[in-house]
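Residue-level structure breakdown
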Amino acid sequence: MWFDHESHDSVEEFICTLPLAYFRFSAHDRYEGSTRYQMDTLFRVFVLKELHGWTHETALVDYLNRRSELCEQFGFETTPEQSTLWRSWHQRFTDDLRETIDTAARTILIKAQNAGVAVPRQPARKIQHHDDESGESEPDHKTTFEQAETITDHVSRIVFSAFSLDRGEGCEIHENAYWDLQTYLGLRERLAANEGAHSFTYESTRERTPLGHAHRDHIRDLSIEQIREMYRQAVRQLLDEVAETEEFFRAGLVAIDITEADPFTGDRTGHEDEIIGTKENTDDYAYQWATVQLVGNAVPIVLDARPVRKGESRKEIVEDLLDSADGLVHVDNVLMDREFDSQHILEMLSQRGLSYVVPKRMQTSEKAQAKRLLRRGQDRYETDRKLHLGKNEWHETTLIYRRKEDSEHDDHRQYSVFMTNCGSGHLTEYGFRWEIESGYRSIKRFMAATTSKHLGLRFFYFAFACLLYSIWRAVDLLVQVALTGEYEHSPIVTADNTLTLLKKETGIG
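For every chain, the first residue of its written sequence is number 1, and the numbers climb from 1 along that sequence. Per-residue local features are limited, in this predicted model, to residues with pLDDT of at least 70; the limit for side-chain atom pairs, both in listing and counting, is 80 or more; totals at the level of whole chains, interfaces and linings are taken over all residues. Hydrogens are left out, water is left out, and the side-chain values use all remaining heavy atoms of the structure.

1. Remarks on helix α5 (residues 82–92)
Of all the residues in α5, the buried ones are Leu85, Ser88, Trp89 and Arg92. The buried residues of α5 all sit within an arc of 125° when viewed along its axis, so they share a single face. Of the surrounding elements, those touching the buried residues of α5 are α2 (39–52), α3 (57–66) and α6 (95–114). The buried label goes to any residue with under 20% of its type's maximum accessible area, the exposed label to any with over 50%, and the partly exposed label to all in between, with areas taken from a 1.4 Å probe on protein chains only. Think of it this way: any DSSP run of H or I at least four residues long counts as a helix, any run of E at least two long counts as a strand, and we number them from the N terminus. The arc in question is the one traced by the directions running from the helix axis out to the C-beta atoms. Whether two residues touch is decided by their heavy atoms; if any such pair falls within 4.5 Å, the residues are in contact.

Shown next as C-alpha cells:
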C-alpha cells in the first residue's frame with residue numbers, strides 16, 4: 001500500500017518509516033545490559049544493507065558516511081564503526097532475526113519494483129540464507145521458462161476444455177479457435193475483437209479462424225449463468241491440478257470485493273440497471289463486477305465472478321459468491337471492504353459458521369470514541385457491540401479501533417475501526433485483502449476492449465481475464481514446486497511469460 005502512493009518513490013524512505021512498534025526484538029537480542037544502538041535502529045540499517053546486497057559491513061559504512069541525511073533519519077550522531085556492525089550481525093542477532101531481515105529486504109524490493117519504484121538491485125526469487133552451504137542456486141530464467149512452458153501446455157488444455165459454444169454440428173472453425181482468439185485478445189492491452197481477429201488470422205497457424213463479429217455473436221448467445229458455470233468448472237479443474245501439490249491447501253481465507261470498469265461515457269438508455277454508479281459516489285457510471293478470491297498463503301485464484309446490477313443487495317451478492325466458493329474450497333474466514341459494512345451480512349456470515357474481518361464506516365459514536373482514544377494517546381481499543389437486526393434481534397460483534405502509523409491526519413481520522421467475530425488476532429489477516437487490488441490491475445490488463453453495451457459480452461471478457469490471471473498464478477505455483485520444492489507467494493513466472501506461453505498454445509508464432 002505504501003509504494004502505491006504517488007509521493008512514495010524511495011525504498012530508503014520506506015525503511016526509515018517502516019513501523020516497528022509491534023516488533024519484539026528482545027527475544028532476538030543476545031546482548032545483555034545497556035548498548036549504544038537500539039535493536040530497531042540496527043534492524044533498519046541491516047535491511048538497508050540487504051536491499052543493496054552488500055556482502056560486508058564496510059560497504060554499508062562507506063554508504064552511510066556519504067549520506068548524512070540518512071544517518072540523521074536513523075538517529076546516528078556519528079556513523080557506526082564497521083566492527084560494531086559486524087558484531088551486531090554475527091554475535092548480537094539471532095539466526096531467526098537475520099533471516100527475517102533477508103525476507104523483509106526481499107519483500108520490499110519486490111513490492112517496490114511491482115509499483116514501478118526504482119530499486120538498488122533485482123530481488124532474488126528464492127531466499128538465499130546466509131552461511132548456506134547447500135550449494136543450491138535459484139533456477140535461472142531459461143530453466144524457469146522451460147518448466148513453465150510444459151506446465152502451461154498441460155494446464156491450458158485442461159482448463160479451456162470447460163468452455164463450450166452451442167454452435168450445432170458441421171462447423172468448419174474448431175471451437176478451440178474461439179478460446180484461442182479470446183486469449184490472443186488478452187495478449188495486448190485494449191485490443192478489440194475486430195482488430196484482434198484480423199491480426200490473429202495472420203499470426204495463427206490455424207487454417208480457419210473466427211471473424212471478430214462472429215466471435216462476439218457467439219459469446220452474446222451465452223447467458224450470464226452459462227458463463228459463470230463454465231468459469232466455475234474451469235476453476236474446479238485448475239484447483240484439481242494445483243491440489244496435487246502439498247503446497248496448496250483447498251481451505252482457508254477468501255476475500256470478496258467489487259471492482260468497476262472504466263467510466264462509461266456513452267448513452268446508457270435501456271441499460272441503467274447494468275451501467276450503474278461508481279463506488280466513489282461520483283457522477284460517473286460504470287459496469288461493476290464482484291469476485292471471490294483465495295488470499296493469504298494460498299495461491300490467489302479467482303473462484304467466481306458475477307455482474308453487479310442495480311437493485312441487488314450486498315447481502316445477495318455475498319451469499320451468491322460464498323455458495324460458489326463453498327462448492328470449490330472449504331471457506332473458514334472472509335475479508336470484505338467497508339462497502340459490505342452491514343449487520344445483516346455479518347449475521348449471515350456468523351450463521352454460516354464463518355469468521356469475518358470488515359472495516360466499519362465511522363458514525364457519530366465511533367468518531368467520539370476515536371477522539372477519546374486520541375486524547376488518551378491510546379493506539380488500540382476493543383469493545384463488544386450489539387448491532388440491531390430488527391424487532392428484538394441483534395448481532396454481536398467486536399469493534400477494534402486501531403491507530404494508523406504515520407497518518408496524514410491529526411484528528412480522529414488517525415483511527416480505523418474493524419468489526420470481527422474472531423478476535424483481534426485475525427486483524428492482521430485484513431492486509432491480505434489488498435492482494436485483490438493488485439490482482440484486479442493484472443486482470444484488467446488481460447481484458448479485451450469493447451464499446452458494446454451487451455452485459456453478457458462485457459462480463460465474458462472480464463471472466464475470461466480472471467481465468468487468465470488464475471492460470472498465471474496456478475502455473476507459477478506448479479513451476480515453483482517443480483523447481484524448488486516449495487511455494488513462495490511472490491511469482492517467479494511473470495504474467496508476460498505466461499501469456500507468451502498461452503500464445504504459443506494458440507498456435508501463434
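Still more to cover.
2. Concerning α6
Between its first and last C-alpha, α6 extends 29 Å over 20 residues, near the 28 Å set by a 1.5 Å rise per residue. Taken residue by residue, α6 has Leu97, Arg98, Ile101, Asp102, Ala105, Arg106, Ile108, Leu109, Ile110 and Ala112 as its buried positions. In the core, the buried residues of α6 are packed alongside α1 (11–17), α2 and α5. One or two residues past the end of α6 sits Gly116, with phi positive at roughly 80°. By this rule, a helix spans an expected 1.5 Å times one less than how many residues it contains.

3. Overview of the packing of helix α11 (residues 224–242) against helix α16 (residues 455–484)
Geometry is summarised by axes, namely lines fitted to C-alpha atoms with helices restricted to the contacting stretch, and by angles between N-to-C directions that run from 0 to 180 degrees. Taken N-terminus to C-terminus, the directions of α11 and α16 make an angle of 0°; their axes are 10 Å apart at the nearest point. By the angle between their directions, the pair α11 and α16 is classed as roughly parallel. Where α11 abuts α16, its residues Ile224, Ile227, Arg228, Tyr231, Ala234, Leu238, Glu241 and Val242 lie against Leu455, Gly456, Phe459, Phe460, Ala463, Cys466, Leu467, Ser470, Ile471, Ala474, Leu477 and Leu478. Gly is placed with the polar residues, together with every amino acid not listed as nonpolar (Ala, Val, Leu, Ile, Met, Phe, Trp, Tyr, Cys and Pro) or charged (Asp, Glu, Lys and Arg). In terms of residue class, the contact of α11 with α16 is made up of 16 nonpolar, two polar and two charged. Oblique is the label for any angle not covered by the other classes, which are roughly parallel (under 35 degrees), roughly antiparallel (over 145) and roughly perpendicular (65 to 115).

4. Examining the state of the cysteines
Cysteine sulfurs are considered disulfide-paired once they come within 2.5 Å of each other. Tallying each qualifying case throughout the model produces zero disulfides. Free cysteine Cys71: the closest other cysteine sulfur is in Cys16, separated by 9.9 Å. The exposure class of Cys71 is buried, given its relative accessible area of 7%.

Purely spatial values, then, with no claim about function.
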